[in-house]
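The lines below spell out each chain.
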Amino acid sequence: MNYFDLFQIEMAFDIDLEKLRTHYQKLQRLTHPDKFASASDAQKRMYMQKNAQINYAYHVLLSPVSRTEHILQLRNYPLPDANASLNDTEFLMQQMELRDAMSQADTANALDDLTNVIDSQQNAIEKHISESLAKNETASNQNAASALTKLKFFTKLRSELEEKRLGA
Amino acid sequence: MALLQISEPGQSSAPHQKKIGVGIDLGTTNSLISAMRSGVCETLPDADGKFLLPSVVQYTHDHLLVGNTARLNAADDPSNTIVSVKRFIGRNVDDVTAQWKHLPYQFLDNTGMPTFVTAQGNVNPIQVSAEILKSLKQRAVETLGEELTGAVITVPAYFDDAQRQGTKDAAQLAGLNVLRLINEPTAAAIAYGLDNKNDGQFVVFDLGGGTFDVSVLRLNKGVFEVLSTAGDTALGGDDFDHAIAANIVQKFELHQYETSHHRLLMDVARQLKETLSDRAHAVTPLTINNKLYEPCLTRTEFDALILPIIEHALTICKRALHDAKVTIDDIDDIVLVGGSTRVPVVREAVANFFGKVPLTDIDPDKVVSIGAGIQADILVGNKQNDDLLLLDVLPLSLGIETMGGLVEKIIPRNTTIPVARAQEFTTFKDGQTGMLMHVTQGERELVSDCRSLAKFTLSDIPPMAAGAAHIRVTFQVDADGLLNVTAMEKSTGRQANIEVKPSYGLGENEILEMLQSSMDHAKDDMQARMLKEQQVEADRVLESMQSALAMDGDELLSNDERKEIDESLAKLAELKQQNDVASIKAQIETVDDISQEFASRRMDKSINQALSGQSISDI
């Protein structure tokens, strides 16, 4: 199932989030179980399955990580193994430094500064993925796939940072 | 079988027919029922004009009493009078007694679902809850003078699957058609008409007697989306009473009476708390062993006592905001729900935390039931299709047990429902044909720290070499927040059989048996009612199919397909004239089966049209 088709938006890394949301809401109005509360069991089942698929598809397209994975899947490009180690020593060093900085950041200001650093680097990776996915060629898909692994590192780091901010 | 609803969602297929949807707040302490009357949703009073039905059921040897009388008798007949049964739903005895000591009940045993031993025999929490629901149902039928089409029942947002299923089973046992289970904070948001406001973000802060729920909602173009929900099922006004009672014990050195006079101390504490809602100082006499004590408390002292509890609740609010990915500044309004939000310092603390005065104009006891009544009216189809649409979330993550007692999360909390996720498993022995799966709910990493929901036994897996069978297990959560599991072996496409053993609930057969035995008395009545129901259903199917065929039959069906559907409808029309309930029912199912593909094509067509900017009314 092509989720871009489901929402009738163009397949690309950079998507119109406002359009995605509008289309999501339209599909919700047509398929949500509340619209079929007194329908037959068969109808309820059919619409619930469709609605669950719409919810899932929306969730996939919203997140840059799963959106990238979805595009690569649709192109039959093998996804990087979740457990595969990254060979980019420089990137790994940088991640370790960021983690060090996070464990030492103990004021709101320090956490804000770190958030800005992470965000700007994450944006750069996303830009790189976007450019790579613009073409459907083995080399560019490969570029996107390795950038995806880095994006996952940053996403994880970012969510740990948010947890820390919540605990502070 | 309401095919018509594709083009006109929410609209009644038979406008002349009045449909009654009720909203029920099945509370720990009190329960209420609401319905639309002359365009306004109101809570329905009993014969004495009282709205609150105490959630208390007394089983004497010759009577079954529900409500106020039962509550008054509770002190004299504690073991036969079940109070706060909601705490037992979807729980085992140990869970409950660990939290609430000094319970006066006799339990059959301490494992699995609790069974109360009463003067009328053994009853379980689902049966007790069903008695409360029956009493409310009867009140509604008498007040409204009509049979009920269906009910929306509220549950705490933080209720897990077992607690939701138990609530739904109780409603079924009470003879209610459950339109939907909705979360209490969401119901409150509906009651406040937040959906009529401008687009924005809202927080519902629901502090009841025993539970705390907080939800963050977003309204965008008429779609009301729950962004996150968080809570604590063991945090509430009872904790305020405990704090006051502990303070009294301390002050008068009553430690030796703490257990023996627990109920009395708690009552005094509650009176002090309630007096302080509108006064700065309170005194309540307390007599123990003929000695009179005069515990007094000032507002300032009380505020200091409960401060840690309020701070805990606000920490949970932070978590909810974080999960919703919004900040305090993004919040446009806060709604207060639950009796414990009457405490002035709670209101002040919430106002300070959010930097806004919270909305409090609807009675916090009634607000949940009113919201449920409004939603019920929409779900039975009394409103037009531009009404609000509510998207709710799964409150607690669903997972399965893996090696070493660890939990692997399958569906994370705060995922919009309905939702379905599939997971693949494989066999680890040659020729293995069965597999056991343990489903849990909760956020922790160890199985022992999460709620056990059910154990599923998969059987009929085709025997293959170890690792060759790929079993795809689909976990589906419906709009009520209830889990359903299906499994399929991928290479053969064969459906694996699943047997569910709920950890603290009833199996499907047990529910059927209970229903059967409760109906045996009124068999003839039931027969007549079921025939009437099936005939009405047949009419609805015929009407909606005709209208669907008129609209899309030519475009979406081949001649042969059309002929097959027409014939099945003709047969249904014929069977409807006769008096055989089973054959009408069977034919309705046949029509459903035959028209499934047609229904699915109509769904796809409507989706395509909606997104390509054409509305169906334009055609």
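Residues numbered from 1 in each chain as written. Chains lettered and ligands numbered in written order. Predicted model: local features only at pLDDT ≥ 70, side-chain atom pairs only at ≥ 80, totals over all residues. Heavy atoms only, no water.

## As for the overall build of chain B
So, point 1. Counting its regular elements, chain B contains 15 helices and 28 strands.
So, point 2. Seen through its C-alpha atoms, chain B measures out along the principal axes to roughly 90 × 65 × 60 Å.
So, point 3. Burial status across chain B gives 54% buried among its 619 residues.
So, point 4. Summing over all exposed atoms, chain B offers an accessible surface of approximately 27400 Å²; the carbon and sulfur share of this is 48%.
So, point 5. Looking at charge distribution, chain B has the averaged site of its 56 positive side-chain charges lying 2 Å from that of its 88 negative ones. (Helix = DSSP H or I, 4+ residues; strand = E, 2+ residues; numbered from the N terminus. Buried < 20%, exposed > 50% of the residue type's maximum accessible area, 1.4 Å probe, protein only. Areas by Shrake-Rupley, 256 points an atom, 1.4 Å probe, with all protein chains shown as cover. Lys, Arg positive; Asp, Glu negative; His and termini not counted. Charge placed at Lys NZ, Arg CZ, Asp CG, Glu CD.)

## Description of the packing of aromatic side chains
All names here are of chain A.
So, point 1. Inspection of the entire model under this criterion finds 17 aromatic pairs over all chains.
So, point 2. Plain terms: the ring middles of Tyr-3 and Tyr-56 are 6.1 Å apart, the flat faces sit at 85 degrees to each other, and that makes the pair edge-to-face. With Tyr-3 in helix H1 (residues 3–6) and Tyr-56 in helix H3 (residues 41–62), this pair connects stretches of sequence that are 53 residues apart.
So, point 3. Of the residues examined, Tyr-56 reaches a relative accessible area of 30% and is grouped as partly exposed. (Phe/Tyr/Trp six-rings, centres within 6.5 Å; stacked < 30°, edge-to-face > 60°.)

## What about the sheet that holds strand S20 (residues 389–391) of chain B?
All names here are of chain B.
So, point 1. The strand order across the open sheet formed by five strands is S19-S12-S13-S14-S20, and the pairing between neighbours is mixed. Where the open sheet ends on each side, the last strands, each with one partner, are strand S19 (331–337) and S20. Strand-to-strand twist of the sheet, defined as the mean angle between neighbouring strand axes without regard to direction, takes the value 25 degrees.
So, point 2. By the bridge criterion, eight bridges tie strand S12 (residues 200–207) to strand S13 (residues 212–220) in an arrangement that is antiparallel. Paired with Phe-205 across the two strands is Val-214, which belongs to S13. (Pairing = 2+ DSSP bridges. Axes fitted to C-alpha atoms, helices over the stretch in contact; angles between N-to-C directions.)

## Looking at the interface of chain B and chain A
So, point 1. Tallying the contact residues gives 47 residues for chain B and 39 residues for chain A.
So, point 2. When the two sides are added together, the surface that chain B and chain A hide from each other amounts to roughly 4000 Å², 54% of it contributed by carbon and sulfur.
So, point 3. For the salt bridge of Asp-34 of chain A with Arg-180 of chain B, the shortest nitrogen-to-oxygen distance reads 2.8 Å.
So, point 4. Seen at the junction of chain B and chain A, the total is twelve residue pairs in polar contact (both at pLDDT 80 or more).
So, point 5. Broken down by secondary-structure element, the contributors of at least two residues to the side of chain B that touches chain A are strand S11 (178–183), S13, helix H8 (299–324), helix H10 (367–379), S20, strand S23 (419–426) and helix H15 (596–611) of chain B.
So, point 6. Split by residue class, the side of chain B that touches chain A holds 22 nonpolar, 14 polar and eleven charged. (Contact = heavy atoms within 4.5 Å. Buried area = accessible area lost by both parts, 1.4 Å probe. Salt bridge = Lys/Arg side-chain N within 4 Å of Asp/Glu carboxyl O. Polar contact = N/O pair within 3.5 Å; in protein donor to acceptor, adjacent residues only side chain to side chain. Nonpolar A, V, L, I, M, F, W, Y, C, P; charged D, E, K, R; others polar.)

## Notes on H15 of chain B
So, point 1. The first and last C-alpha atoms of H15 of chain B sit 23 Å apart over 16 residues, in line with the 22 Å expected at 1.5 Å per residue.
So, point 2. Every buried residue of H15 of chain B is listed here: Phe-598, Ala-599, Ser-600, Arg-602, Met-603, Lys-605, Ser-606, Ile-607, Gln-609, Ala-610 and Leu-611 of chain B. (Expected span 1.5 Å × (residues − 1).)

## A word on the packing of helix H5 (residues 89–104) of chain A against helix H6 (residues 108–133) of chain A
When two helices pack together, their arrangement is given by the angle between the helix axes and by the axis-to-axis distance.
Residue and element names in this part refer to chain A.
So, point 1. Relative to each other, H5 and H6 sit at 155 degrees, their axes nearing to 11 Å. The angle between H5 and H6 places the two elements in the roughly antiparallel class. Considering the relative orientation of H5 and H6, their crossing is left-handed. Of H6, the residues touching H5 (which contributes Phe-91, Gln-94, Leu-98, Ala-101 and Met-102) are Leu-114, Val-117, Ile-118, Gln-121 and Ile-125.
So, point 2. Here the residues of the contact of H5 with H6 sort into eight nonpolar, two polar and no charged. (Parallel < 35°, antiparallel > 145°, perpendicular 65-115°, else oblique. Left-handed = near helix turned anticlockwise from the far one by under 90°.)

## Describing the nonpolar core
So, point 1. Residues Phe-7 and Leu-61 of chain A are the most contacted members of the largest nonpolar core, which totals 51 residues.
So, point 2. If one sorts the elements of this core by residue count, helix H7 (residues 138–167) of chain A sits on top with eight residues.
So, point 3. For Leu-61 of chain A, the residues in contact, after removing those within four places along its chain, are Tyr-3, Phe-4, Phe-7, Ile-9, Ile-15, Leu-20, Arg-67 and His-70 of chain A.
So, point 4. Membership of the second largest hydrophobic core comes to 50 residues, among which are Leu-207, Phe-240, Ile-248 and Leu-265 of chain B. (Core = buried A, V, L, I, M, F, W, Y, C linked by side-chain atoms within 4.5 Å.)

## Remarks on the side chain of Ser-129 of chain B
All names here are of chain B.
So, point 1. The residue Ser-129 is located in helix H3 (residues 125–144) in this model.
So, point 2. For Ser-129, a relative accessible area of 3% corresponds to the buried category.
So, point 3. Not counting residues up to four positions away in its chain, the partners in contact with Ser-129 are Leu-26, Val-85, Ile-89 and Ala-170.

## Considering the confidence of the model for chain B
Residues and elements named next belong to chain B.
So, point 1. For chain B, per-residue confidence averages 86 on the pLDDT scale, and residues scoring 70 or more make up 91% of the total.
So, point 2. Below pLDDT 50 for its whole length, residues 1–16 participates in 54 contacts with residues either more than four positions away or in separate chains.
So, point 3. Taken as a whole, residues 615–619 scores under 50 in pLDDT and shows five contacts with residues more than four places along the chain or in a different chain.
So, point 4. Interface scoring of the predicted complex returns ipTM 0.88; its pTM is 0.85. (pLDDT = per-residue confidence, 0-100.)

## Concerning the pattern of salt bridges
So, point 1. For the structure shown, the criterion picks out 42 salt bridges over all chains.
So, point 2. Between Lys-409 of chain B and Glu-443 of chain B there is a salt bridge whose closest N-O contact spans 3.9 Å. You can see Lys-409 of chain B sitting in strand S22 (residues 406–411) and its partner Glu-443 of chain B sitting in the loop between strand S24 (435–441) and strand S25 (451–459), a full 34 residues away along the chain.
So, point 3. According to the relative accessible area criterion, Lys-409 of chain B is partly exposed, its value standing at 41%.
So, point 4. If you follow the salt bridges from partner to partner, you end up with Glu-163 of chain A together with Arg-319, Asp-323, Lys-409, Arg-413 and Glu-443 of chain B in one network.

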